[in-house]
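Understanding the architecture of this molecule
Given next are the chains, with one letter for each unit.
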Amino acid sequence: MKQSPELRAIQENMQTGSLAAYGFLGMDTRSLADILRDDDERVASLVLTHGAIADRLQYFYEAGQEKLGRAEKVDTQYDVLVEEHKGGIPCPFRDNFTAAKAVITVTDRRSGRTLVWSALNIHMIRAHGFYEGRGAKFRVEPEAVAELLF
Ligand SMILES: [Zn+2]
């Protein structure tokens, strides 16, 4: 799909300069427009919204913040670990948003499965519907969120 000059500039912003190190697009060779549209469709097919997913990710982030750096049991079935580092990461969509450098790890005790995301993921999902590209270190799979956290 052809993408707007705005999205093209954002995609370039993700792939160059200081933001390139975060590898937002992973191994993905699709345009940003295609990545966004595909995840829009996947989230819709799960009968979820970006806002509902972001709310759920934020819920575990806040629950785990009470015991920073140590695993916290949340809602009896989840182990939540929040690790925070100094500094922030600017949103690559160039909206002057800077996220805390926080990584949230949630393990579902029933299945033993683990999900990992960053504070920036929560913002990018809520504000931009962006889950990162395939193969990205912090790619969030909407299906995995639906299966483990809802
Ligand atoms: Zn943003």
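Placed above this text is the structure.
Everything quoted here is computed from the prediction, not taken from an experiment. (Residues numbered from 1 in each chain as written. Predicted model: local features only at pLDDT ≥ 70, side-chain atom pairs only at ≥ 80, totals over all residues. Heavy atoms only, no water.)

With 7 of 10 residues buried, helix α4 (residues 119–128) is to be regarded as a mostly interior element. Here the buried face of α4 lies against α3 (50–65), β2 (78–90), β3 (98–108) and β4 (114–118). Taken from the residues just after α4, glycine 129 is the one with a positive phi, measuring 65°. (Buried < 20%, exposed > 50% of the residue type's maximum accessible area, 1.4 Å probe, protein only. Helix = DSSP H or I, 4+ residues; strand = E, 2+ residues; numbered from the N terminus. Contact = heavy atoms within 4.5 Å.)

Moving on, we get to the sheet that holds β3. Each strand in a sheet pairs with another by means of backbone hydrogen bonds, the pair being arranged parallel or else antiparallel. Ordered by their spatial adjacency, 4 strands build an open sheet running β1-β2-β3-β4, and the pairing between neighbours is antiparallel. Strand pairing shows two members of the sheet lacking a second neighbour, β1 (72–74) and β4, which therefore form its edges. Averaged over neighbouring strand pairs, the angle between their axes works out to 30° when direction is ignored. Here β2 pairs with β3 via 11 bridges, running antiparallel. Residue pairing for β3: valine 80 is matched across the bridge by valine 106. Strands β1, β2, β3 and β4 of the sheet are contacted by α3, whose axis makes an angle of about 95° with β2. (Pairing = 2+ DSSP bridges. Axes fitted to C-alpha atoms, helices over the stretch in contact; angles between N-to-C directions.)

What follows is about the nonpolar core. Residues Ile53, Leu57, Phe60, Val80, Val106, Trp117 and Leu149 are the most contacted members of the largest nonpolar core, which totals 26 residues. Looking at this core, the elements that each hand over two or more residues are α3, β2, β3, β4, α4 and α5 (142–149). It is α3 that provides the largest number of residues to this core, a total of 6 residues. Once you skip the residues sitting within four places of it in the chain, phenylalanine 60 turns out to touch Val74, Tyr78, Val80, Val82, Val106, Trp117 and Leu149. Counting residues in hydrophobic clusters, the runner-up holds 17 residues, among them Leu19, Leu25, Leu36 and Cys91. (Core = buried A, V, L, I, M, F, W, Y, C linked by side-chain atoms within 4.5 Å.)

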